[in-house]
Structures are given as C-alpha cells and as structure tokens.
Amino acid sequence: MVLSRTTTESNEPVSSTFGSRYALTALPKYEIGESSIPKDAAYQIIKDELMLDGNPRLNLASFVTTWMEPECDKLIMDSINKNYVDMDEYPVTTELQNRCVNMIARLFNAPLGDTETAMGVGTVGSSEAIMLAGLAFKRNWQNKRKAEGKTYDKPNIVTGANVQVCWEKFARYFEVELKEIKLSEGYYVMDDPEKAVEMVDENTICVAAILGSTLTGEFEDVKRLNDLLVKKNDATGWNTPIHVDAASGGFIAPFIYPELEWDFRLPLVKSINVSGHKYGLVYAGIGWVVWRTQHDLPDELIFHINYLGADQPTFTLNFSMGSSQIIAQYYQLIRLGFEGYKNVMENCRENMLVLKEGIEKTERFNIVSKDVGVPLVAFSLKGQSFHSEFEISEMLRRFGWIVPAYTMPADAEHITVLRVVIREDFSRTLAERLVADILKVLHELDTLPSKISRKMGAEDFGNVKGKKVKREKLMEVIVGWRKFVKDRKKMNGVC
Amino acid sequence: MVLSHAASDSDVSVHSTFASRYVRTSLPRFRMPENSIPKEAAYQIINDELMLDGNPRLNLASFVTTWMEPECDKLIMASINKNYVDMDEYPVTTELQNRCVNMIAHLFNAPLGETETAVGVGTVGSSEAIMLAGLAFKRKWQNKRKAEGKPFDKPNIVTGANVQVCWEKFARYFEVELKEVKLREGYYVMDPEQAVEMVDENTICVAAILGSTLNGEFEDVKLLNDLLVLKNKETGLDIPIHVDAASGGFIAPFLYPELEWDFRLPQVKSINVSGHKYGLVYAGIGWVVWRNKEDLPDELIFHINYLGADQPTFTLNFSKGSSQVIAQYYQLIRLGHEGYRNVMENCRENMIVLREGLEKTGRFSIVSKDEGIPLVAFSLKDNSSHTEFEISEMLRRYGWIVPAYTMPANAEHITVLRVVIREDFSRTLAERLVMDIEKVMHELDELPSRVIHKISLGEVKSEDNGDNMVVTVKKSDIEKPIEIINVKKSDKPIFC
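Keep in mind the model is a prediction, meaning the values are calculated, not measured.

### Concerning the sheet that holds strand 12 (residues 405-407) of chain A
All names here are of chain A. Pairing is antiparallel in the open sheet, where four strands are placed in the order 10-11-13-12. Two strands bound the open sheet, and with one partner strand each, they are strand 10 (365-367) and strand 12. Between one strand axis and the next, the sheet turns by 40° as a mean value, whatever way the strands run. Pairing analysis gives three bridges linking strand 12 to strand 13 (residues 416-421), with the strands arranged antiparallel. For threonine 407, the partnering residue across the bridge sits in strand 13 and is threonine 416. Here helix 11 (residues 389-398) sits on the sheet and contacts strand 10, strand 11 (376-381), strand 12 and strand 13; the angle it forms with strand 13, its principal contact strand, is near 35°.

### Comments concerning the domain arrangement of chain B
Bring the parts together and some accessible area is lost; that lost area is often taken as the interface size. Residue and element names in this part refer to chain B. You can read the domains of chain B as domain 1 (75-335) and domain 2 (340-451). Each of domain 1 and domain 2 has a C-alpha centre, and the two are 31 Å apart. Facing 29 residues of domain 1, the contacting portion of domain 2 comprises 28 residues. Across the domain 1 to domain 2 interface the summed buried area is about 2500 Å²; carbon plus sulfur atoms make up 66%. The largest contributions to the domain 1 side of the interface with domain 2 come from Leu214, Leu255 and Tyr278, which together make up 25% of the buried area. Taken together, the connections running from domain 1 to domain 2 amount to one salt bridge. Glutamate 217 is the partner of lysine 369 in a salt bridge, and the nearest nitrogen-oxygen pair spans 3.3 Å. Of all the elements in the fold, those that place two or more residues in the side of domain 1 that touches domain 2 are helix 9 (252-255) and helix 10 (323-361). Here the element with the most residues in the side of domain 1 that touches domain 2 is helix 10; it accounts for four residues.

### Section: the interface of chain B and chain A
In this assembly, 114 residues from chain B lie in contact with 120 residues from chain A. Approximately 10800 Å² of surface area, both sides summed, lies buried where chain B meets chain A, with 59% of it carried by carbon and sulfur atoms. Applying the counting criterion to the chain B and chain A interface returns eleven salt bridges. Linking arginine 396 of chain B and aspartate 88 of chain A is a salt bridge whose minimum nitrogen-to-oxygen distance equals 3.0 Å. Joining chain B to chain A, the criterion identifies 48 residue pairs in polar contact (both at pLDDT 80 or more). Contributing elements (two or more residues each) for the side of chain B that touches chain A: helix 2 (39-50), helix 3 (70-78), helix 4 (91-107), helix 5 (126-148), helix 6 (165-173), strand 8 (302-306), helix 10 and strand 12 (404-406) of chain B. Looking at which element gives the most residues to the side of chain B that touches chain A, the answer is helix 10 of chain B, with twelve residues. Among the residues making up the side of chain B that touches chain A, the classes are represented as 52 nonpolar, 30 polar and 32 charged.

Conventions we followed
Residues numbered from 1 in each chain as written. Chains lettered and ligands numbered in written order. Predicted model: local features only at pLDDT ≥ 70, side-chain atom pairs only at ≥ 80, totals over all residues. Heavy atoms only, no water. Pairing = 2+ DSSP bridges. Helix = DSSP H or I, 4+ residues; strand = E, 2+ residues; numbered from the N terminus. Axes fitted to C-alpha atoms, helices over the stretch in contact; angles between N-to-C directions. Contact = heavy atoms within 4.5 Å. Domains from an automatic or database assignment. Buried area = accessible area lost by both parts, 1.4 Å probe. Salt bridge = Lys/Arg side-chain N within 4 Å of Asp/Glu carboxyl O. Polar contact = N/O pair within 3.5 Å; in protein donor to acceptor, adjacent residues only side chain to side chain. Nonpolar A, V, L, I, M, F, W, Y, C, P; charged D, E, K, R; others polar.

Here's what the structure looks like:
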C-alpha cells in the first residue's frame, strides 16, 4: 500500500515528526507565521534548536542553581500556573512567602521577638532586591534631609569597584551617584574599609558591602566597616547605614562560618539581600531582601491597592510573576533545615579544596581566590606566559566545560582570571575530571607556539595588556621554541 | 518478625509518607528547622498545604494564563535550570528571545526594514516593561531640556485614573509626577481631550491603555494621537505616546486588525505587552518594544563583562529563568496568526455567551463593552439589599473566584463584578457559571437578616429615614472596598 503525498499533507497525525513537512520548512524568524503547526512539530523543532545551548550543569561560570530534587520539580510544575501576586486567591502561597521571609530574617539574626513578623519580601533576584533596598535608603535619607532643611538632590552610595552590575544600574536608573573605591592588585574586595569610610559624606545614603564578591568569592570585612562607620557617625552625626549585598554569601556564612559577624548583629546593618537562586539552592528567579525593622522601610513606598477585589500591600518592582520559585525555596528550607544546608556547603568547600589543590599541583597557576568565602576557585597563569587565560577558556569548551575568563575591574585590569564556581551539583568526580582536562588543554597549548608568534606580530597578546618590550617578547619566543623542540624529541620515541 | 521502634525511627524509607512522624510534628514557621527531613515528606507536606489555595483555572479574576499544552510544559521543565541572563552560555535561548522581540515588533507594525532588527526586550512582566519605557522617556526628555537650558527636575506623565498600579509605582519610585485624568460614571477610560489639555512642557509622555483593567475597554489611541499632533504643532513640544497594551496587545491585531493603535500612529514611541496574559504563556513574561533606536537613549544600556563576555543589558532584573521566553516562542510558532485568531475569537464568543446569560437573569447591568478584552463586568441593577461583594463571597463556595471592586475616582460609588474570559474558559464553564450565579441570587434573596444582624452588633450605624433605613459603614482608606447598603424595613419574617 502506498501513501501518496497529497493525503499525507492533510492527514497530520499519520506523519512522524521528522517525516512531516515541518522539518523541511524554515520557520519565520522575524514575523509570526500565518498558519498554526502541530504541537509535536513545534515541540521538536524548539527542542532540537535548544540542543545547541550549553549544558547548564557544566556551566561553571554561574552561581545560579542548576539542579533540584525531582520532588521539588513536581511542586514547581504543579504551581507554574499560579500568579504569585494574586494574594487573595492563593493565600497559602502568600503564607509560604511570609514564612520564608521570617526564616531568612532570623537566619540573619534580625532583632525580632519570637512571634514578631519580619520585614522583607521575595523578589525576582538580587537585582530587584538591591533596587528596593536602595530605594528605601534613598527615601529615608531624603526625608531626613528635608526635615533638617538641607539639600537632597545629590544622593550617593559608597561601594567597592567589584560590585555586581546591578548596583551600577541602581545608581544610573534611580539617579544616585556611585562612589566606587578602586581596587588594587592583591586586594580585590572593597579596599580597607577605611577608604570606604573616608569617602562617606553628608549625601551618602548608605555604604554597600558585599559578602561574596563576584570576582573572587571573598567576604568583605563588614564588622570592621561597621566599627569604623560607628566612629565616623559619632563624629559627624550623619548616621550613615550599611547594606550588605549577601547575594552569594548569605546562604553560606551562617552555615559554615557562624561566628563571622556580618549581619544584623552589627548595629549599622539595616538591610540585607540574598539570592535564593544561588546558594539558596533554587532555580533562577528568586531573591530575598530583609530589613532590620519596620522603620527602615518608609511606609510611603508601600502601596495598598485594590487589585482584583482585595486590599494588597505591595513593595516590589515586579507585579505578576510565577509562584514556583517561592514554593521551591520553602521546600528547600524545610527539607534541608540547618543541618542539610550545612552539609551541602561543607561539601562544596571540600570539593573546592580538591579542585584548588589539583590546580596548584600543575604548578602553572596562581590561585587568586581565598579559602574563606564563596566556594569557588579563581586562578590565573603564572608568570609571563605566552598563552592567555582566554585561550584556556576557549579550549575547555571543546571538552564541554564552560569556564569563564575575565579581567579585573579598574586599577587591576592587567590581571585576567579563570573562575570555577563550585555548586551543589559539582561532585568530587567532576572536580578531578576538570583538573585532568585542564592539564590536557595546557599540554595542547604548549605545543602551539606558532599561534603566539602570529599573535605577537599583530600586537594582540590575548588580553594580557602587557607593556612588554620587544626584546622580552623575543626571549619568550626563543624559550618557547626550545621547549617545543625538546618535547618533540621526547615524543619521537612513542609514536 | 517484629520491627522495633528504635530501628524504624532511623529507617525512614520503610514508612509510608503519612505513617511517618513528619506529619505529626508541626513545622516551624518563623525559623529554619534544625534537621533535614526526607524529600517525600517535604513534598507531601507542602503539596497538602497548597491544596487550600484557590484553583488557578477557576480564578476568573486574573488575565494571566493558567493552562498550556503538555508539550510546552515539557519544554518549560527542561529549561527550568537555565539562567536567561547567561547569554554567552545559552546562545540559542538568547536568539529565541530576539526572535520573539522581532515578531512582536512586526505584529505592532514597527517601521522596520526587511532585515532590520527591532529594539525591544523581554521582561518579567508589564510592570518592568513600563518602568523601562518610562525611564527611556524620562531620560530623553531630560536630555532635551538640558540641551535647551531649561529646568528638568519636575517631569510628569499624563494618564487616566484607570491605570494599573504599576504606573503609580513608576511615578513614585522614579520621582515623576502622575497627572491622572479623572473618570466619570459611564465613562471609565481616559478622555483623550482632557488628557491633551493636561499636557505641558514637563510632560515626558502620555500613557494610553489598550484594554483597561476595569472593564476591558480599548482607549481611543488614534484620537489621542491626532489631538496630540495638533497640540505639538501649536506649542512646539514633541510629546510622545506610550501604549500600555498589557492585555490588548495580543488581542487587537487578531480580532480588530483595522483598529489603529500601534506604531502606525506616528506619536507612539513604545508599546508594552504581557506575554503572560493573552500572549498565552504562564506568569513571568512581558515585552516592551520601541519604535526605533533613537527612542531608547544609549546611556541607559549597559555593556558588561559578565562571566567573560560582552553583554548589552537594559532590564531591571538580571538573573531569571528562561522557561517563559521559550514558552512564548513556542506559542508564536505553534499558533501563528491563525491560531491566535482562533483563540481570541473563541474567547469573544464565550464572553458573549456569558453576557447574554447574565442579561437574561434580568438582575444585572453590563458595564463592559463587547469590543475590547473578552471580559464581562457587571453590577447589580438593584443593590439595595445585597452587594456585589456578597455575590462574590458566595460564589467562592462553588469554587469560582469572581472579584468585586469599586471604580476609581470619580466613580467610586459604582461596584462591579468582573469575569475574565481566558483561553481555557470553555462554553460549558460559562453556562455553569451563569447557573451558579442564579443559585447565589436565589439564596441571597432569602437572606435579608444578614444586614440587620450587623446593625444589632453595632458594627454599622443606622438611621431611620422614613421607610428606608440608611446604613453606612465608615471607611478610613479610600482604597478599600466601600460598602454602602440601603435596607428597606422588611415585612418578611426573619430567618436566622
């Protein structure tokens, strides 16, 4: 029996997905197509294109969680059609959010009574959380200045140059000046809190400290900042507060460094943000911001609205959003508890040490990150090499690993680092495999000096902005060739 | 063989979920628990509590999509661990976002060349989209005023009092004055003439809404455009328009293609639409498109060295899931023009079925129009003995969530019930809803005692006014629902 072409075109359910005409036609990319296509075809086409995306779990560039337990996946799917902002319709989901806020506030030692409710909110990520915290500081400061009869049109915020981009966004969009302390080699966090406190003036709405720098994972010395700022406040009467950006560190420090004082135990810390989707162990799309007390969040910023028939107080930038991540965060908090989070963070730290030691053993790298902080390993090539970290990053891609290389910000731009973030799902086996692959890459690069001389001819030395003299470059080429020739001789016997 | 208690405490896997000790202990609500619990227990406990949430599909209050095809659900789950902002790591997902932006820009007739890329971005919802559009207008206006040497510290935005709260948020957080055109009874959208009158040199833009939250009406953007062009000529200003098409953006092009409201009108410089309303995607995706590059000041765009690659970014949020972007692309290619048109026509048909059913009861006046968002807003013809709020409460018992709310200034004495017709609200459900509303009316007719009971409790003040007893409930906050009840002294016996 032969199925002719004309019947198969109209008899859609018969043709298999890849046998249908949909696999032949190019889908419109800039305009919506005129007709519908069967759902299986749509599904398959999109799925196939997405195969060419990177594998999220091998994305060692990101802090954001890439694996959750299947039970949690079930909860997420079940609640994917719930709009979080419909508080009246979904009271339990709203209640779960409130519980999370309370748990996190107490995790950060907010000065609350046993049954007192904490001030805080769930957000889409730390960006939104920081904007809300910044807005609260700005408004508080403006009100104070108005009451004193002083000018309030030039607010500023003091922070290190290692801040994540959302602080710069906040400054630009909300018209606050960003006073950044420049970094210096060897000191990649907000330099010496003393410099920060020096920069504080009467227009400073707050000082932002980072617990877990994006670049090297280090924790800033918030206690020292607090103590210095207390002294300055006493002298000037300005009462400048601190905000701690604990996007990464907020779910690490309380579990493996509990004696480290960085949170509400310090009197000048008025608000803290943390990313639920980093070490809170939830998929992308959830952050939290908590305030010390009600007074730190000006009431005029809170909206009471008559939305869909009920009174709702709201203080977020986003309105409608999915409920899945909130429920997932609650799941993690009760599923793991203190014990569970501690175990996960300790494992991460162990695996980080394994990776660090493996990389140190190659003797080709300097380790830039510290042991205390966010579990990541940042490393750069030793001495004057004629390969760049960017090449290593590119070659690792071939093995499937995504390891980013990037330059340090202003005042340390000549330093390039590779950074591997250790997440919950990065096991020891993977760490050992990564070291093995890095060794392979180095080996390959060592046998490729021709690439460098070509590059040197073009005066483009990867991104190492070395101000090298011609003679030095020449020496390196010679050294390289010698090594290459020596190795070649060694290999002859084996082939 | 007997399993002793000591062994079973540690051997958790033996117990069925509801036999284990975890369902006995109350979970801490304010503090993280000290110990871990098994994942099955965690799942079950949370799942059970969530049973007491409303059923999203019966939530007739919301415009936001509550159902998608299983194939799309699969794609969503598969991409749930992809962080959308990692453009370098997930180039295909980034490409899909760009395709969506281009498709939507073309849908709105943006004046683009054949291969010219549209200017736009995916956001978490229309709130973020509106804030970005507003920021662009504010910055553009500030730059223009600076160049002219005029003051730029008092920007304002003109809009109707029917705006959704995110405009008020934008105004408050970004320090822009909100000049609202008041509504009046019978006219629940922004009057273009009044709006243009309110425009001055400090106006950064006029915001028109395509699909008002209150009654689904489309504002007359064309009239606004024409009046604004005239005013611009007189004054030498160049006031632009932003169209908040959060709901209407995915309806008008399919049901009312000849309606001119988008980039076909020269003053319209940016449009936002909610992918999660009639874009037919779950909550968490919105889109904003600009007419062309000049309408988005370059200084607002950040180029960052994030995770090793150069990324231009103009959003408020940074990390977020990729699922909704992929789901939006799925819908755009799966349905195409034809599919969206079919869905919207079905919605409108079902809306008419519901409206006719309600009209037939003879108890309601319909406040919404047929043209616009497929929703039915209705109020009681006679709210002397019962209010719309009571109807809303009683419908809950049947499982339906139908909100009741008051109109904003200056029509606060009007209360309406509103049912939104989404893709998954079939005709059968519409007929069932009418039946249940009739049942509720029937029940309410037999309950005059409710108000009198409240009076005797001293909760409400009552004064005799001839045959009528006027009962007023004081409200301190104008935002809260207002209940003004007129009760006739009844001859009927009181049922308790």
